[in-house]
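Chain by chain, the residues run as shown.
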Amino acid sequence: MRPVAPHHVVAIDVGGTSLKGSCVDGDGHALSLERRPTRAADGPDAVIGAVLELAAELASASPDRVAVGLALPGVVDDETGTVISAANLRWRNVPIASLARERLGTTVAVMHDVRAAAVAEGLLGAARDAHDYLLITLGTGVGAAMVIRGEPYTGAHGFGGELGHVAVEPRGPLCGCGRAGCLEAFASAGHIALRYQAMADEHAEGCTARDVAQRAADGEPIAGAVWQEAIDALAIAVANYVTLLDPELIVIGGGMAAAGEELFGSLRHRLEAHMRFAKPPPVVPARLGEEAGRYGAAIGAWRAAGIDEARLRNWQAAR
Ligand SMILES: [Zn+2]
């Protein structure tokens, strides 16, 4: 790895299968991207080791590092820097911030991955200049982060914003969390593919959610029904959120956001039908894609290191 410019932070997005880490300078330029396997199959300690090793390696590339930011999945207490539970890392009550601080001897900021992505979308992406917005990530699962008055809201125990496990149909299909009818059981890429494969008689093997969206657009009735169910479930969950919290914007990211109008057009239409006493807010695609979590971790690290907020806002110009 080539040596990097002074004054940077190390930002790592910890995913179920891979770690993505970068050095990010004070102007928001990511100076490198390193990928490593998460090693979840080797147990929780192996994952901790992989995260700390990558952080140390990136940090050692510059002698005057200022901070480390980590974006992590599961139920995360951003305040104490503890991952309370993360099934895909096999972590329970891992005090990752203090472990990293001990190993690296530097400031460490920890953030839930979807909240990190929401912060990044707010500074650099689809939610620029918005103060109250909801980010939903539609991927294998359904993630969400609520930004209220400019701050990602964590709730009392770190799991605030778990929109994926809001019930939209009590008699609906079983969700991975063990309950029936969660939004995730209708609208995650994983469940859309499974429901289609279970309902379609043929040519469904190996079909992904994107294929289902395409087949729905082509007029195939079973794909159309599964896709419409997903859109309806999303519309109900989003309408409930809008009714409670009156956001100015809904941002949708994750792999399924690539379905384009098939997703956004249909969702806007259904949302309109579910809203009673207010117009629904704009529903827009996320802009930062896979980089969002890593950028959010970098922003968290810079804030923990005391960067001037005006300088952070200049990151927009750097992109
Ligand atoms: Zn659930």
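Residues numbered from 1 in each chain as written. Predicted model: local features only at pLDDT ≥ 70, side-chain atom pairs only at ≥ 80, totals over all residues. Heavy atoms only, no water.

Draft legend 1. Spotlight on the confidence of the model for the protein. On average, the protein scores 92 in pLDDT, and the residues at 70 or more come to 97%. Mean pLDDT per element in the protein: helix 11 (residues 315-318) is the minimum at 76, and strand 12 (residues 249-253) is the maximum at 98. Within the model, the stretch residues 1-6 combines pLDDT values under 50 with 13 contacts to residues more than four positions away or in other chains. (pLDDT = per-residue confidence, 0-100. Helix = DSSP H or I, 4+ residues; strand = E, 2+ residues; numbered from the N terminus. Contact = heavy atoms within 4.5 Å.)

Draft legend 2. Quick peek at the environment of Asp-45. For Asp-45, the position within the fold is in helix 1 (residues 44-60). The class for Asp-45 is exposed, based on a relative accessible area of 64%. Along the chain, Asp-45 and Ala-278 lie 233 residues apart, while their C-alpha atoms are 49 Å from each other. (Buried < 20%, exposed > 50% of the residue type's maximum accessible area, 1.4 Å probe, protein only.)

Draft legend 3. Geometry of the coordination of the zinc ion. Each protein donor to the zinc ion is listed here as His-165 (ND1), Cys-175 (SG), Cys-177 (SG) and Cys-182 (SG); together their distances run 2.1 to 2.4 Å. Around the zinc ion sit 4 donor atoms; with metal-centred angles ranging over 103 to 120°, the donor geometry is tetrahedral. Of note, the donors binding the zinc ion are all from one chain and are spaced H-x9-C-x1-C-x4-C. On the basis of relative accessibility, which here comes to 46%, the residue Cys-177 falls in the partly exposed class. (Donors = N, O, S within 2.8 Å, 3.2 Å for Na, K, Ca; no water. Tetrahedral: all angles 85-135°; square planar, octahedral: opposite > 155°, others 65-115°.)

Draft legend 4. A look at the domain arrangement of the protein. We note that the domain assignment places domain 1 (8-118 + 289-318) and domain 2 (131-285) within the protein. Each of domain 1 and domain 2 was reduced to a C-alpha centroid, and the two centroids are 27 Å apart. Each side of the interface is counted separately: domain 1 has 10 residues, and domain 2 has 15 residues. Both faces considered, domain 1 and domain 2 share a buried interface measuring about 830 Å² in area, 67% of it formed by carbon and sulfur atoms. It is Val-114, Arg-115 and Ala-118 that lose the most area in domain 1 upon contact with domain 2, and together they represent 64% of the buried surface on that side. Along the contact surface separating domain 1 from domain 2 lie 0 salt bridges. Counting the contacts that link domain 1 with domain 2 gives 2 residue pairs in polar contact (both at pLDDT 80 or more). Elements supplying a minimum of two residues to the side of domain 1 that touches domain 2: strand 5 (75-77) and helix 3 (113-124). Per-element accounting of the side of domain 1 that touches domain 2 gives the leading share, 4 residues, to helix 3. (Domains from an automatic or database assignment. Buried area = accessible area lost by both parts, 1.4 Å probe. Salt bridge = Lys/Arg side-chain N within 4 Å of Asp/Glu carboxyl O. Polar contact = N/O pair within 3.5 Å; in protein donor to acceptor, adjacent residues only side chain to side chain.)

Draft legend 5. Structural view of the pairing of strand 12. Of all 5 residues making up strand 12, 5 are buried, and the element is well covered by its neighbours. On strand 12, burial covers both faces: Leu-249, Val-251 and Gly-253 on one face and Ile-250 and Ile-252 on the other are all buried. When strand 9 (residues 133-138) meets strand 12, the two strands line up parallel, connected through 5 bridges. What sits directly across from Ile-136, in strand 12, is Ile-252. Where strand 12 and strand 13 (residues 283-285) come together, 3 bridges link them in parallel fashion. Bridge pairing in strand 13 links Ile-250 to Val-283. In this fold, the crossover linking strand 12 to strand 13 by way of helix 8 (residues 261-274) has right-handed handedness. (Pairing = 2+ DSSP bridges. Right-handed = clockwise from strand over helix to strand, strands pointing away.)

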